[in-house]
Amino acid sequence: MRDILSRITKWWEADETFGLATVVRTYRSAPRDPGAALAVSSCADHEVIGSVSGGCVEGAVYELSLDVCQTGSPVLQTYGVSDDDAFAVGLTCGGIIDIFVERIDKDSFPSLGDIAAAVERGEPVAVATVIAGPGQIGARRVIWAGDAEEGPNEVEGLAWEGAEGLGRDGWHAGASGTLGSGPRLDAAVDDDVRGMLAQGLTGIRRYGARGERRGDELSVFVNSFAPAPRMLVFGAIDFAAAVARVGKFLGYQVTVCDARKVFATASRFPDADEVVVDWPHRFLAATDVDARTVICVLTHDPKFDVPLLEVALRTPAGYIGAMGSRRTHEDRLARLREVGLTDGELSRLRSPIGLDLGARTPEETAVSIAAELIQLRWGGTGSPLTATEGRIHHQLTS
């Protein structure tokens, strides 16, 4: 939905009604992940934006979206494998997808504009929707990630009233709307959603009819709009420019950092979101790092990379890679042990950085780093698909 959010917000601002179809669950080799969305305008031209299957079932979802626009009744539809009939509706890849289709307008989704503005600012926010079970199908709740200030307007109090305020971090806190089965369900979902937002996860959570943790008859789809994960690239060299370019392509917020002012310039790294002139270890020590953060150490100089890696390997970063030959790697490990890093901490270091693709140029090296990031993200083997068996699309490993 993030990909089409700006367009559907324009429809919403123009008081248009549209059908929104969202992938909420996938099985086996489905072509799109949960959160992928397609929208159909109810205007005369019935404009379509987005995709839920890469083309396999778009026609059927289009027709269903128009029907939902007319009736106003949301539908949870499952699409599976197509048969031998060329006109059958299904997925040729052998997967199965569940798609939730709902009608959207200003009355049914009054907070859409606020959500779009939050996403534009990089502020974490999630939408929880009841999609199946004994509850109110289509009931929606918006959860803001900020920790509320202590006092009479704490998050728990705000949640019952559907209000929101500003938290300590400056982001909105609290929640708006209700899932329709009472405060217990709202509270349970709020807790789970904030954990999902911290990890950037989108998916289904199940509860009892009134929010019981041990129940599973009521399904709630959580669509998380977390800020883009960060990629921190250290070393203002030509390899860093290529890594910044591919990092931006993969959806990271990219920072390039180097202590040498003459090299760390915006003109040399036009694809980076920011270019910082500072000692790498000092900058990293003062920077927020989480489990989605990628750290690429390309400084290739012990006076930079040893202090930097000493800091990096003690952060929760999900990926820490360092460029250099195997001889450089062994020397680097010895230096890091001398400053007190343990074997457990050193085991997190990806060095030499990237997958073995035979890369030589900066661009090829950037591709090998990107390949390793994708492999770790999805649990792939890194082997040619022609040499593997079983499913192509791996399940999320985080």
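All of the points below concern the structure found in this document. (Residues numbered from 1 in each chain as written. Predicted model: local features only at pLDDT ≥ 70, side-chain atom pairs only at ≥ 80, totals over all residues. Heavy atoms only, no water.)

1. Some details on the packing of helix 6 (residues 238-249) against helix 11 (residues 362-378)
So the rule is basically this: Structural elements are reduced to axes, namely lines fitted to C-alpha atoms, with helices fitted over the stretch in contact, and the angle between N-to-C directions of any two is expressed from 0 to 180 degrees. Helix and strand labels come from DSSP, where a helix needs a run of H or I of at least four residues and a strand needs a run of E of at least two; each type is numbered from the N terminus. Orientation is classified from the angle alone, with under 35 degrees giving roughly parallel, over 145 giving roughly antiparallel, 65 to 115 giving roughly perpendicular, and any other angle giving oblique. Each helix crossing is assigned a hand: it is left-handed if the near helix lies turned anticlockwise from the far helix by less than a right angle, otherwise right-handed if that turn is clockwise. Pairs of residues are marked as contacts when any of their non-hydrogen atoms sit within 4.5 Å. Note on residue categories: nonpolar means Ala, Val, Leu, Ile, Met, Phe, Trp, Tyr, Cys or Pro, charged means Asp, Glu, Lys or Arg, and polar means any other residue, Gly included.
Orientation of helix 6 relative to helix 11, taken along the N-to-C sense of each, is 45°, at an axis distance of 8 Å. Judged by the angle between their axes, helix 6 and helix 11 are oblique. The interaxial crossing formed by helix 6 with helix 11 has right-handed handedness. Counted together, Asp-238, Phe-239, Ala-242, Val-243, Arg-245 and Val-246 of helix 6 and Pro-362, Glu-363, Thr-365, Ala-366, Ile-369 and Ala-370 of helix 11 form the full contact between these two elements. Partitioning the contact of helix 6 with helix 11 into residue classes produces eight nonpolar, one polar and three charged.

2. Remarks on the pattern of salt bridges
For clarity, the threshold we go by: One speaks of a salt bridge when a side-chain nitrogen belonging to Lys or Arg is within 4 Å of a carboxyl oxygen belonging to Asp or Glu. Burial here depends on accessible area, computed with a 1.4 Å probe over protein chains only, as a share of the maximum for the residue type. Under 20% is buried, over 50% is exposed, and the range in between is partly exposed.
Under the definition given, this model contains 21 salt bridges. Residue Asp-271 is joined to Arg-245 by a salt bridge in which the shortest nitrogen-to-oxygen separation is 3.9 Å. Here Arg-245 lies in helix 6 and Asp-271 lies in the loop between strand 13 (253-258) and strand 14 (274-277), a separation of 26 residues in the sequence. Residue class for Asp-271 comes out partly exposed when judged on its relative accessible area of 29%. For Lys-303, the salt bridge goes to Asp-301, with nearest N and O atoms at 2.6 Å. Three or more residues joined by partner-sharing salt bridges are found here, namely Arg-141, Asp-186 and Asp-190.

3. Overview of the environment of Pro-74
Note on placement: Pro-74 falls in the loop between helix 2 (58-71) and strand 4 (75-79). The spacing of Pro-74 and Ala-139 is 65 residues in sequence and 10.0 Å in space, taken between C-alpha atoms. Setting aside chain neighbours within four positions, we find Pro-74 in contact with Val-68, Phe-100, Val-101, Glu-102, Ile-137 and Gly-138.

4. Overview of the pairing of strand 6 (residues 125-132)
Threshold: Whether two strands pair depends on DSSP finding at least two bridges between them.
With seven of eight residues buried, strand 6 is to be regarded as a mostly interior element. Bridge analysis of strand 6 against strand 7 (residues 140-145) gives five bridges, and the strand direction is antiparallel. Bridge pairing links Ala-128 to Arg-141 in strand 7. With seven bridges connecting them, strand 6 and strand 11 (residues 218-225) associate as antiparallel partners. If you follow Val-127 over to strand 11, its bridge partner there is Asn-223.

5. Considerations on empty space enclosed by the protein
The condition that has to hold: With a 1 Å grid laid over protein atoms only, a set of points is called a cavity when a 1.4 Å probe fits there but cannot get out and a pocket when it is open yet has protein on both sides within 12 Å along at least five of seven lines; lining residues have an atom within 4 Å of a point. Grid points are joined across faces, edges and corners, and a volume is the space filled by probe spheres set on the points.
Counting across every chain of the model gives one cavity of 30 Å³ or more. Estimates place the volume of the largest cavity at around 110 Å³. Around the largest cavity sit 13 residues that line it, and Thr-22, Glu-102, Val-127, Thr-129 and Asn-223 are the ones nearest its centre. Those elements that provide at least two residues to the lining of the largest cavity are strand 1 (18-27), strand 5 (96-104), strand 6 and strand 11. Within the lining of the largest cavity, the residues separate by chemical class into eight nonpolar, three polar and two charged.

6. Considering the sheet that holds strand 17 (residues 349-350)
What the six strands build is an open sheet, ordered 14-13-12-15-16-17; its pairing is parallel. At either end of the open sheet lies a strand with only one pairing partner, and these are strand 14 and strand 17. Alignment of strand 13 against strand 14, held across four bridges, turns out to be parallel. Bridge pairing in strand 14 places Thr-255 opposite Glu-274. On the sheet, helix 8 (residues 302-312) packs against strand 12 (230-234), strand 15 (294-297), strand 16 (319-322) and strand 17 and is oriented at approximately 165° with respect to strand 15.

7. What to know about helix 2
Our working definition: To estimate the expected span of a helix, subtract one from its residue number and multiply by 1.5 Å.
Counted at 1.5 Å a residue, the expected span for helix 2 with its 14 residues is 20 Å, and the 20 Å between its end C-alpha atoms agrees. The set of residues buried in helix 2 consists of Glu-58, Val-61, Leu-64, Ser-65, Leu-66, Val-68 and Cys-69. Of the surrounding elements, those touching the buried residues of helix 2 are strand 1, strand 2 (37-41), strand 4 and strand 5. Once helix 2 finishes, Gly-72 follows within two positions and takes phi at roughly 80°, a positive value.

8. Side note on a nonpolar patch on the surface
Heads up, the rule is: Residues qualify for a patch when their relative accessible area is over 30% and they have no salt bridge, like charges being joined within 9 Å and the nonpolar side chains of Val, Leu, Ile, Met, Phe, Trp and Tyr within 5 Å. Computed with a 1.4 Å probe, the accessible areas rest on the Shrake-Rupley method; for each residue, only the protein chains presented here act as cover.
On the surface, Phe-249, Leu-250 and Ile-374 cluster together to form a nonpolar patch covering roughly 330 Å² of accessible area. The residue Leu-250 is located in the loop between helix 6 and strand 13 in this model.

9. Topic: the sheet that holds strand 5
An order of 3-2-1-5-4 is seen for the five strands of this open sheet, with the pairing classed as antiparallel. Looking at strand neighbours, the two that pair on one side only are strand 3 (48-50) and strand 4, the edges of this open sheet. Adjacent strand axes in the sheet meet at a mean angle of 20° when their direction is disregarded.

10. Structural notes on the nonpolar core
Basically, it comes down to this: Note on terminology: a nonpolar core comprises buried Ala, Val, Leu, Ile, Met, Phe, Trp, Tyr and Cys residues joined through side-chain atoms within 4.5 Å.
In this structure, Met-231, Val-233, Val-243, Val-254, Cys-296 and Leu-298 are the most contacted members of the largest nonpolar core, which totals 25 residues. Within the residue set of this core, elements represented by two or more residues are strand 12, helix 6, strand 13, strand 15 and helix 11. Looking at which element gives the most residues to this core, the answer is helix 6, with six residues. Ignoring sequence-local partners within four residues, the contact set of Val-254 consists of Met-231, Val-233, Ala-244, Gly-247, Lys-248, Ala-272, Asp-273 and Glu-274. Counting residues in each nonpolar core, the second largest holds 23 residues, with Ile-8, Phe-18, Ala-37 and Ile-104 among its members.

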